[in-house]
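Here are the chains, one letter per residue:
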Amino acid sequence: VQLVESGGGLVQPGGSLRLSCAASGFTFSSYFMRWYRQAPGKEREWVATITNGGGGTSYADSVKGRFTISRDNGKNTVYLQMSSLKPDDTAAYYCSVLFGGKVYWGQGTQVTVSS
């Protein structure tokens, strides 16, 4: 299993970013995918989940209405569209999958929201 995130960067408050996570090593279309984030000095927290077919999504209260998770099963990629970004959204963002009883993580992509 390999998960590779991309799309992070520095953005001003109120701005937008789209993160991508390219997956390989498993049948992507059969598994729920999740995004998490970890800010410096804080525990990793769940951000969003999408069902294997993409028809169901759920979000942490802190990002609801601002972030959108989606997936393209033809490209084995899950996305996180982030809008109305706040300084509190500054964190390393990780995608993950529960496969074979084990949770796999990507290497993360850094998002910094600052003026």
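The structure presented is a predicted model; accordingly, all values stated were derived computationally and were not measured.

A. Quick peek at a nonpolar patch on the surface. Residues Leu 98, Val 103 and Trp 105 make up a contiguous nonpolar surface patch of about 270 Å² in total accessible area. Along the chain, the position of Val 103 falls in strand 10 (residues 102-105). Classification of Val 103 as partly exposed rests on a relative accessible area of 41%.

B. The sheet that holds strand 3 (residues 17-24), seen in detail. In spatial order, the strands read 1-3-8-7; together these four strands make up an open sheet with antiparallel pairing. One side of each edge strand has no neighbouring strand; the edge strands of this open sheet are strand 1 (2-6) and strand 7 (67-72). Between one strand axis and the next, the sheet turns through 15 degrees on average, direction left out of account. Bridge count for strand 3 against strand 8 (residues 77-82) is six bridges, and the pairing is antiparallel. By the bridge assignment, Arg 18 is partnered in strand 8 with Gln 81.

C. Molecular detail of the pairing of strand 9 (residues 91-99). The buried fraction of strand 9 is high, at seven of nine residues. Examined bridge by bridge, strand 4 (residues 33-38) and strand 9 share five bridges and lie antiparallel to one another. Along strand 9, the bridge assignment pairs Tyr 36 with Tyr 94. Taken together, the three bridges between strand 9 and strand 11 (residues 109-113) define a ladder with antiparallel strand orientation. Each bridged residue has a counterpart across the sheet, and for Tyr 93 the counterpart in strand 11 is Thr 109. Linkage of strand 9 to strand 10, two consecutive antiparallel strands, is achieved through a turn of two residues, within which Gly 100 is found at a positive phi near 60 degrees.

D. Quick look at the pattern of salt bridges. If you walk through the whole model with that rule in mind, you get four salt bridges. Ionic pairing is found between Arg 37 and Glu 45, a salt bridge with its closest N-O pair at 2.6 Å. On the basis of relative accessibility, which here comes to 6%, the residue Arg 37 falls in the buried class. Its salt-bridge partner being Lys 64, residue Asp 61 comes within 3.2 Å of it at the nearest N-O pair. For the pair Asp 61 and Lys 64, a shared accessibility class is recorded, and that class is exposed. Beyond isolated ion pairs, a larger network of salt bridges with shared partners links Arg 37, Glu 45, Arg 66 and Asp 89.

What counts, and where the lines are drawn
Residues numbered from 1 in each chain as written. Predicted model: local features only at pLDDT ≥ 70, side-chain atom pairs only at ≥ 80, totals over all residues. Heavy atoms only, no water. Patch = residues over 30% accessible without salt bridge, like charges linked within 9 Å, V, L, I, M, F, W, Y side chains within 5 Å. Areas by Shrake-Rupley, 256 points an atom, 1.4 Å probe, with all protein chains shown as cover. Salt bridge = Lys/Arg side-chain N within 4 Å of Asp/Glu carboxyl O. Helix = DSSP H or I, 4+ residues; strand = E, 2+ residues; numbered from the N terminus. Buried < 20%, exposed > 50% of the residue type's maximum accessible area, 1.4 Å probe, protein only. Pairing = 2+ DSSP bridges. Axes fitted to C-alpha atoms, helices over the stretch in contact; angles between N-to-C directions.

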